[in-house]
Amino acid sequence: MSTQESIKQFDDYIKRLVQELHLEDEEKREVEEEWTQHLYDHFSVLQKQGIEKMEAIRTVLDQFGDIQMIQTEVNQSYPSAIKSQTQKESVIGIICIIASLVGPMILIGAHFQPYFISASLIALVFAYLVHRFIAKRQSDWRLSVIGIITIYIFFLQLFTRMYGTSLSLEIYGGHLFSLDWNRLTGSSGLFEFVTLHMLWYVIIAMQFITSNNYIPVWKRILNSSFQYWVMLLIGVFLARFQSSAEWSVLFINVFLLYAFLQHTISIKGITIFSQKVSRMFYRQSL
């Protein structure tokens, strides 16, 4: 049996193991990479000890454990994962709703209207569905590169029409970074050329800060960037079908904020914050 055949046995074992796990697709990929690496490392150690390949393969798989038993153990802990994900979505939703309520009043001096809530709620539902079933499904870095380039060209053309002038190299460079509040916001809310890039820079920076031992940082940058830009693209498309210009602006801003927060708010961070709040209230109750 060749080394390639033995590797295929490991891959088949891991795929069968991961297939029935009640995890998000991204979590499944991380688990698959971690466990596959563990099998290969163990196999390499046995080979160096002079154990025959077939025996080493059987030993590695036997010691790793029964597939059904491992699946049961992992799935029993999944409710906590669901709770954490629900907390993250709730925090993002609350931030988006609050931003939709105060944003128009701060940016353009608009008085509160009921559609500030209804439009943002509808946009949130669409944003969640798009992120959950479209943006997160794509994990191939090659497709991410193609998608980012294609979508970015579309946005260059879109802002060329919005500003009524072609983006020369000098003008384009001047729109890549700014801390001027008047350039970061406008009648379209946060949907400004400079702001889109500023938020994108933060998302990229978060990939360097966030630790992940199984997915290289450059892959995470590409995948998160693709998710960000594809969310904006679909948000712009859906905003065109809204009943008024006000609804369209709220719709695209909710999509923008949702896409940004998905990559800047972590479940770990929410957990740490909630634990600190719980300890604070506990001390006060004593």
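Quick notes on the rules
- Residues numbered from 1 in each chain as written.
- Predicted model: local features only at pLDDT ≥ 70, side-chain atom pairs only at ≥ 80, totals over all residues.
- Heavy atoms only, no water.
- Helix = DSSP H or I, 4+ residues; strand = E, 2+ residues; numbered from the N terminus.
- Buried < 20%, exposed > 50% of the residue type's maximum accessible area, 1.4 Å probe, protein only.
- Contact = heavy atoms within 4.5 Å.
- Core = buried A, V, L, I, M, F, W, Y, C linked by side-chain atoms within 4.5 Å.
- Patch = residues over 30% accessible without salt bridge, like charges linked within 9 Å, V, L, I, M, F, W, Y side chains within 5 Å.
- Areas by Shrake-Rupley, 256 points an atom, 1.4 Å probe, with all protein chains shown as cover.
- Salt bridge = Lys/Arg side-chain N within 4 Å of Asp/Glu carboxyl O.
- Polar contact = N/O pair within 3.5 Å; in protein donor to acceptor, adjacent residues only side chain to side chain.
- Axes fitted to C-alpha atoms, helices over the stretch in contact; angles between N-to-C directions.
- Parallel < 35°, antiparallel > 145°, perpendicular 65-115°, else oblique.
- Left-handed = near helix turned anticlockwise from the far one by under 90°.
- Nonpolar A, V, L, I, M, F, W, Y, C, P; charged D, E, K, R; others polar.

(A) A look at the overall build of the protein chain. A count of helical and extended segments in the protein chain gives 13 helices and zero strands. The order of α-helices and β-strands along the protein chain, N terminus first, is α-α-α-α-α-α-α-α-α-α-α-α-α. The 286 residues of the protein chain split such that 40% are buried. Considering only contacts within the protein chain whose residues lie at least 6 apart along the sequence, 70% involve residues at least 24 apart.

(B) A look at the nonpolar core. Ranked by size, the top nonpolar core spans 42 residues in total, and within it F155, F191, L196, Y228, W229 and M231 carry the most contacts. Counting only elements with at least two residues in this core, the list comes to α5 (78-108), α6 (115-133), α7 (141-163), α10 (193-209), α11 (217-239) and α12 (245-262). Of the residues forming this core, the biggest block, 11 residues, is contributed by α11. Other than its neighbours up to four places away in sequence, M231 contacts A127, V130, H131, A135, F255, Y258 and A259. V31, L39, A56 and I57 belong to the second-largest nonpolar core, a separate cluster that totals 20 residues.

(C) Region of interest: a nonpolar patch on the surface. Taken together, I94, I98, V102, M105, I106, L107, I108, F112, I117, L121 and W181 make up a surface patch of nonpolar side chains, about 1000 Å² in accessible area. Broken down by element, the residue count for the nonpolar patch peaks at seven residues, all from α5. Among the structural elements, L121 can be located in helix α6.

(D) Representation of the side chain of T185 within the structure. Tracing the backbone through its elements, the reader meets T185 in the loop between α9 (181-184) and α10. For T185, a relative accessible area of 9% translates into the label buried. Among the polar contacts listed, one links the side chain of T185 to the backbone oxygen of W181, at a separation of 3.1 Å. Sequence-distant contacts of T185, defined by excluding residues within four places in its chain, comprise L107, L190, E192 and T195.

(E) Representation of the pattern of salt bridges. By the definition in use, this model includes three salt bridges. Here K15 makes a salt bridge to E32, at a shortest N to O gap of 3.1 Å. Of this pair, K15 sits in helix α1 (residues 3-19) while E32 is found in helix α2 (residues 25-48), placing the two residues 17 residues apart along the sequence. Residue class for K15 comes out partly exposed when judged on its relative accessible area of 49%. For E32, a relative accessible area of 25% corresponds to the partly exposed category. Among the ionic pairs, R142 bridges to D140, the shortest N-O distance being 3.5 Å. Residue classification places D140 among the partly exposed positions, given a relative accessible area of 30%.

(F) Just the packing of α10 against α12, in detail. At a minimum axis separation of 9 Å, α10 and α12 run at an interaxial angle of 20°. By the angle between their directions, the pair α10 and α12 is classed as roughly parallel. Between α10 and α12 lies a crossing of left-handed hand. Contacts between α10 and α12 involve L196, L199, V202 and I203 on the former and, on the latter, L256, A259 and F260. Within the contact of α10 with α12, the residues separate by chemical class into seven nonpolar, no polar and no charged.

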